[in-house]
Amino acid sequence: MKVTVIGGGPGGMYFAILAKKAWPEWDISIYERNKPDDTFGFGVVFSDETLGFLRDYDERSYEAIRRSFAYWDDIDIHFKGRVLRCAGNGFCGCSRITLLKLLQERCRELAITMHFQTEADDAQFPDSDLIVAADGINSGIRAKYEHEFGTRCDWKSNYFTWLGSTREMDSFAYFFRETPHGIVNAHCYQYEPARSTWVIETTADCWRKSGFGDMDEDAYIAIIADIFKDELAGHPFIKNRSVWRQFPSIRNERWSYRNIVLLGDSQHTAHWSIGSGTKLAMESAIALFESFSAKGKNVRAALAHFEAIRREDVERIQHAANVSSLPWFENVADHWHMDPEQFAFQLMSRSKQITYDNLRLRDAGFVEMCDHWFARKQREAGYDFPDGTAPMFAPLRLRGMELSNRVVMAPMAQYSATDGLPDDWHFVHYCSRALGGAGLVYTEMTCPGADARISPGCTGMWNEAQRDAWTRIVEFVHARSGAKLCMQLGHAGRKGSTRLAWDGMDLPLAGGNWPLISASPIKYRDESQLPAQMDRARMDQVRDEFVRALEFADQAGFDMVEVHMAHGYLLASFISPLTNQRSDEYGGSIENRMRYPLEVFRAMRAVWPVDKPMSVRISASDWAPGGICEHDVLALAVMLRDAGCDLINVSTGQTVSFEQPVYGRMFQVPFADKIRTRVGIPTLVAGNISSADQVNTIVMSGRSDLVALARPHLADPYFTLHAAAWYGREAQEWSKPYLSAKFQAQMLARREREQSLEMRRALRPPSHEVKEAGKPSRARDAG
């Protein structure tokens, strides 16, 4: 079998090594445009886990590589004069040129032919059975077949440049500096004795105001050296084509075309803040090798297998970088107000892959420091909150309502009402979750009129019988638990008159449909009814129905009310440009599109008791081209805050039926973080949150005030009680008839927690460091 590898980087060479070692008869050649000792950049980073993979697949190159690495276990965060250290991370760095030379030497040992200073194109190799396009971020092969691969490139806003320094470092370090033009940060690590990598990053605004784009390399390096003069400690910067760049996020819908397969940066990119591109490329090389091991010389089958087994891992890493990690650095100014402890915790947990419990496993002292800070802040706010208590159990006050913890049972449609009347099913559903310890329990979206329902099974609040049925639930919850109850009120609009979810989600009723209304006459689906555009008379009617439902909610004793302005329902249909195509005063700008939703909210706020909070649920993204933008989301949050809204429930999507497929699209934390920070209003988030660990991570990091869980509460009504037992929360309220179970739950949870920690420690990848005797340790906080 003849294999041509175009691109002599680590990914391409490592595939060639594994293939040649397994199948010596294969004719493998590598073509590289640069010299063998050319390299751009300085060091590369691997984790202990990745080194474990390299050991398993080629111990000869692994041994050479690991003896050339600089190892560190700690991450230091330098912020506002403090140095906060988090241990237990298990990373190592190596000079990129050293890594290339080691892999080149291994290729020679295996008789792999290498051609340097040679431009190559697939057309030159008509007799090759397989062509591996490992030619980097500016891949000529990918560009040639851009349509066939389905290439998409999204340029990110921050500017960065790679520098080196002679300063030695015993940890991975983040340095953050505030300048007159904005914040500049540095990602730094040692990769060999007397050499460290410094990735300097700043926002586009700071880059422009600093004039970096108008300077030559020496001029802006001198300015950066002055910014980080204390951190450099007298050491100089080293340049190596250290130009300013913006990061391209590259995706390909298809990884192969005919007998050509993309590998490494030609196939995918992931921001350095989440992991090394070299690491990803070499792990992809392993997956490509495994695919040929599974499928033999059937190239098409092997390439299909490669994409099937590897794509999910790559897209998960890309998503973590593009949705959480990379935006965190693009918006670092949003976090500048934080105390160092919270800033450090949020930085460590920004990608969602590292959590509260994971950090405790890595470095219990780091989490204890953050716990102590968090408890102190709660006490300063007037709450009784002892040290060592997990953040999810912190109280929260909204107007006159105080929640006992930050756990919320999310609103979930039950489709079980008759003529809008909640029955025994709803009584058991809501009361059992309240007994389960959640601080706040939401009702499903409850409708202010019969024609406002999504389906005939939706609950309502348009008559006294419905009010009285809800009152029964509220009175039980208040008498038997510490939970508070929030009624969510919403009008289905163009998404109404549909079947029960299990009979056909979003499909119209087989018969007996009621007329629909919306901001504009646009169907939700092709099969849906065409809604009528609301006129002024209908607006008045619906507004008054919302107010009447609100008054019933107050009479029933609800602690809080939420207005549903998300997911493409009636009020949301005014907000999104995808569903509002009006040319009158209710269409066009965000101010116009919010005119009617604000009118409804203000009318409700005017009659809702002043000591009771009101919230609004919004869709912060439509996940579809032409949908609502970030500017509009922040603007509407300001309008709602100024109208007396106390909490924004941040959701996403469900506006249109043709949503753009986005991995993990329902994760709303980054949106909530921006609204909370920039608008100054508390937020609630849900979506893909399934564990108490995630709740603790979000609350500790300050990215949202409340965290709602949906399906976990369906599977476990006593989610919060179980979490309290797991985290040793003695003060968690249990209903008196259940007190006998409290001790047993705590004892079993303590035992399970200890066993789980032991197992997770045992499963952690071992360090691959060649140990040096007498290596000193450092204090956690050096400043």
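Residues numbered from 1 in each chain as written. Predicted model: local features only at pLDDT ≥ 70, side-chain atom pairs only at ≥ 80, totals over all residues. Heavy atoms only, no water.

Asker: Can you break down the sheet that holds strand β8 (residues 113–115) residue by residue, with the values?
Answerer: Taken in spatial order, the six strands make up an open sheet running β8-β2-β1-β9-β17-β16, and their pairing is mixed. Every interior strand has two partners, whereas the edge strands, β8 and β16 (256–257), have only one. Two elements, β16 and strand β17 (residues 260–262), share two bridges in a ladder whose sense is antiparallel. Its bridge partner being in β17, Y257 is matched across the sheet by I260. (Pairing = 2+ DSSP bridges. Helix = DSSP H or I, 4+ residues; strand = E, 2+ residues; numbered from the N terminus.)

Asker: Help me get a handle on the packing of aromatic side chains, residues and values and all.
Answerer: Counting across every chain of the model gives 38 aromatic pairs. An angle of 90 degrees between the planes, with centres 6.2 Å apart, marks the rings of Y57 and F289 as edge-to-face. In this pair, Y57 is assigned in helix α2 (residues 48–57) and F289 in helix α10 (residues 277–295), connecting sequence segments 232 residues apart. The class of Y57 is partly exposed, set by a relative accessible area of 22%. The cationic tip of R453 hangs over the ring face of W514; the distance from NZ or CZ to the ring centre is 4.9 Å. Here R472 stacks its cationic end above the ring of F427, 4.1 Å away from the centre of that ring. (Phe/Tyr/Trp six-rings, centres within 6.5 Å; stacked < 30°, edge-to-face > 60°. Buried < 20%, exposed > 50% of the residue type's maximum accessible area, 1.4 Å probe, protein only. Lys NZ or Arg CZ within 6 Å of the ring centre and 35° of its normal.)

Asker: Which residues make up the pairing of strand β7 (residues 91–95), and what are the values?
Answerer: Burial within β7 is extensive, with four of its five residues counted as buried. By the bridge criterion, five bridges tie strand β3 (residues 43–47) to β7 in an arrangement that is antiparallel. For G43, the partnering residue across the bridge sits in β7 and is S95. Looking at chain direction, strand β4 (residues 70–72) and β7 are connected through three bridges and run antiparallel. Looking at the pairing, A70 lines up with G93 of β7.

Asker: Please provide a residue-by-residue account of the side chain of H187, values included.
Answerer: Within the secondary structure, H187 is located in strand β12 (residues 182–192). Residue H187 is classed as buried on the basis of its relative accessible area of 2%. In terms of polar contacts, H187 uses its side chain to reach the side chain of N185, at 3.1 Å. Among residues more than four places away in sequence, those in contact with H187 are F172, A173, Y174, T197, W198, V199, E201, W272, S273 and F329. (Polar contact = N/O pair within 3.5 Å; in protein donor to acceptor, adjacent residues only side chain to side chain. Contact = heavy atoms within 4.5 Å.)

Asker: I'd love a proper account of a nonpolar patch on the surface, names of residues and values included.
Answerer: There is a patch of nonpolar side chains on the surface, built from F743, M747 and L748 and spanning about 280 Å² of accessible area. Take F743: it is sitting in helix α27 (residues 739–763). Of the residues examined, F743 reaches a relative accessible area of 60% and is grouped as exposed. (Patch = residues over 30% accessible without salt bridge, like charges linked within 9 Å, V, L, I, M, F, W, Y side chains within 5 Å. Areas by Shrake-Rupley, 256 points an atom, 1.4 Å probe, with all protein chains shown as cover. Salt bridge = Lys/Arg side-chain N within 4 Å of Asp/Glu carboxyl O.)

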